[in-house]
Amino acid sequence: MPSLLDALSEQLGAAFTAQGLPAELGSVIESDRPDLAPYQCNGAMAAAKIAKKPPRAVAEAVAEHLKAQAPDMAVEIAGPGFLNLTPPAQAYELRADALSKDDRTGARQVAEPKTILLDFGGPNVAKPMHVGHLRSAVIGDSLQRLLAFRGHKTISDVHLGDWGLQMGHLITELEDEQPGLPYFDAGFTGPYPENSPVTIDDLSRLYPQASAKAKEDAERNKRSQKATAELQAGRPGYRALLAHFIAVSIKALKADYEALGVHFDLWKGESDVDGLIPGLVEDFKARGVAEESEGAWIVRVAEEGDNKELAPLILVSRTGAALYATTDLATILDRRNEQDPDLILYVVDLAQSDHFEQVFRAAVKAGLAEPDGLEHVKFGTVNGADGKRLRTRAGGTFKLADLIGQAYERAEARLNEAGLGAELSMAEFKTVARAVANAAIKFSDLSNVRTTNYIFDLDRFVSFEGKTGPYLLYQAVRIKSVMRKAAEKGLEPGPVQVTDAAEAALIRRLDGFDLAAARAEAGRAPHILCEHAYSLAQAFSSFYAACPILPEEDAAIRASRLQLAATTLRQLELVLGLIGLDVPERM
Ligand code: ARG
């Protein structure tokens, strides 16, 4: 069944066609003056030019046609020729009944599903994750949920940063601490020990230690560079160490992402495509895609009409090393071989725009991808109250684990202040606090237009009032409690009857989910889902205030309202699910 909006557009389209005008002019939108009418069509203004008639005359002809075809609909002409439309109660009732029978509450799937690979998360081995990585995880996970819901085949890859200088830092620093390990003995013939010589805590200590020394001391940095080059050239002891570093990191990262409810299908990294690099470089050279420049191999990617100069991509550095862009190109090749996606989405911060532009152009130039097969889904930074990139008190980069820990503490405090969860067991309370903390972090991130920067304000994010994740969870839990009480009384939902404007308004919100999901996909824009969730929760609130459910004495009306509550709950859980929020049973 089409949405109310689509059905209206269809009817209006027919009315325009009857005047010999294009059907698209009949496109109906939700009104920006809901006090006058819930829906409007502005097509008469554009039609006037084609029809060479005043817009009001076009609008009058359309209204005449509608009155004959759909006598129950109220049509009014306002101003120069706006058509204000009020569908009859029956249209709402039919739609509400259809939505209540549909598991997806009206959200359709795409006609032509694609295979979409999402590259997000992008944490680096041994380096702590920062808020930029958090944004990537939260946005990427929401997009993967949305795209799958829309019917696409999605594959997500965390794309670990495990191939740069940081590996050389780790190797050399470990060598200084434990020179006796067999990994450093070039004459060792193996096999290497199975157990890791380091824990995640060791890694978190070794990396900053080495990187601080390297900043002070050029010789120390050279040692790390040399170790990196040897690792890349395949030195067995270093490769064995790398495998341990990666395994230890992945284990810790999986726990962090799991706590956030973020899922990846693939746990591959830059180092996984190392074997593809020599062939790729040879191929680029042979086909003239890459050229030599001052001892390095580069791909020129600047194009005519660029409004700023895009530097060439460095494929092989002067010292013979593969760089960040090289691994990204080899990863495109690997994905083509392994998953053959129609589209790769890179959910990575805006600051890397030039990098992706270089990689995409080089990939297209080399025939590795189609221009519309690669897309950088950019996002802005998270700032502190001072408007600058979020830092810790000591001035360092904000660590993801600290941030989540803080959100959890505040969530617990807020629940206690609000007197929520008082009758829950300790374990259940903790689960609820975790859900509230995740909701606070995710919703506050996703509700912003992706490319804007936002200010991190935990106190506002964990509030149960206003446009926040916790508010939405609370609303959903409230509906659950109504449904539970109804079930205890043996009350069943029944066919929908519209008896109040608040019911029609709620049905309009429910009806808007399909369009919201389609728009969110088109714009890679989870904020549209957030807006939908919020407006739905608000519409429910107004409905609940105006239309009593359990106390209603008329059994048919009570059953109708229960039906609306049940459908709202289903849709709210669906849309919150798309932004990665789980609704607790109670709180
Ligand atoms: N590891 C990178 C960083 O921390 C992000 C990786 C993004 N994905 C990619 N395919 N380059 O900045």
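Attention here is on the structure that accompanies the text.

Criteria and cut-off values
- Residues numbered from 1 in each chain as written.
- Predicted model: local features only at pLDDT ≥ 70, side-chain atom pairs only at ≥ 80, totals over all residues.
- Heavy atoms only, no water.
- Pairing = 2+ DSSP bridges.
- Helix = DSSP H or I, 4+ residues; strand = E, 2+ residues; numbered from the N terminus.
- Axes fitted to C-alpha atoms, helices over the stretch in contact; angles between N-to-C directions.
- Contact = heavy atoms within 4.5 Å.
- Near = heavy atom within 4 Å.
- Polar contact = N/O pair within 3.5 Å; in protein donor to acceptor, adjacent residues only side chain to side chain.
- Areas by Shrake-Rupley, 256 points an atom, 1.4 Å probe, with all protein chains shown as cover.
- Nonpolar A, V, L, I, M, F, W, Y, C, P; charged D, E, K, R; others polar.
- Phe/Tyr/Trp six-rings, centres within 6.5 Å; stacked < 30°, edge-to-face > 60°.
- Buried < 20%, exposed > 50% of the residue type's maximum accessible area, 1.4 Å probe, protein only.
- Lys NZ or Arg CZ within 6 Å of the ring centre and 35° of its normal.

### Regarding the sheet that holds strand β7 (residues 291–293)
And step 1. Strand order in the open sheet formed by three strands is β7-β8-β9, with antiparallel pairing between adjacent strands. The open sheet has two free edges, formed respectively by β7 and β9 (313–316), since each of these has just one partner strand. Each adjacent strand pair in this sheet contributes to an overall mean axis angle of 50°, direction not counted.
And step 2. Here strand β8 (residues 296–299) pairs with β9 via three bridges, running antiparallel. Bridge pairing links Trp 297 to Val 316 in β9.
And step 3. Strand contacts of helix α10 (residues 277–286): β8 and β9, with the helix running at about 120° to β9, the strand carrying the most contacts.

### Side note on the site of the ligand
And step 1. Taken together, Asp 119, Gly 122, Asn 124, His 133, His 159, Tyr 324, Asp 328, Tyr 346, Val 348, Gln 352 and Phe 356 make up the full set of residues adjacent to the ligand.
And step 2. Within the contact set of the ligand, an oxygen atom lies 2.9 Å away from a side-chain nitrogen or oxygen of Gln 352.
And step 3. When the ligand sits alone it has 350 Å² of accessible area, and the protein chains cover 88% of it.
And step 4. The set of elements that each furnish at least two residues to the shell around the ligand consists of α11 (324–338) and β10 (343–349).
And step 5. Looking at side-chain class alone, the shell around the ligand contains four nonpolar, five polar and two charged residues.

### A short note on the environment of Arg 335
And step 1. Along the chain, the position of Arg 335 falls in helix α11.
And step 2. On a C-alpha basis, the gap between Arg 335 and Leu 117 in space is 8.5 Å, while along the polypeptide they are 218 residues apart.

### Examining the side chain of Asn 383
And step 1. You can see Asn 383 is positioned in strand β12 (residues 382–383).
And step 2. A polar side-chain atom of Asn 383 sits 3.3 Å from the main-chain amide nitrogen of Arg 389.
And step 3. Setting aside anything within four residues of it in sequence, one finds Asn 383 in contact with Lys 388, Arg 389, Leu 390, Asn 453, Tyr 454, Ile 455 and Phe 456.

### Considerations on the packing of aromatic side chains
And step 1. Counted according to the given criterion, the structure contains 16 aromatic pairs.
And step 2. Centre to centre, the rings of Tyr 346 and Phe 360 are 5.4 Å apart; their planes meet at 40°, and the pair counts as tilted. Of this pair, Tyr 346 sits in strand β10 while Phe 360 sits in helix α12 (residues 353–365), placing them 14 residues apart in sequence.
And step 3. Take Phe 360: its relative accessible area is 11%, and that puts it in the buried class.
And step 4. Ring plane angle 45° and centroid distance 5.8 Å describe the contact between Phe 356 and Phe 360, whose orientation is recorded as tilted. With Phe 356 and Phe 360 both in helix α12 and four residues apart, this pair spans about one turn of that helix.
And step 5. Joined through ring pairs, the aromatic side chains of Phe 120, Tyr 257, Phe 264 and Trp 267 make up one cluster.
And step 6. The ring of Phe 149 is capped by Arg 104, whose NZ or CZ atom sits 4.0 Å from the centre of that ring.
And step 7. The residue whose ring lies beneath Arg 235 is Tyr 238, and the NZ or CZ to ring-centre distance is 4.2 Å.

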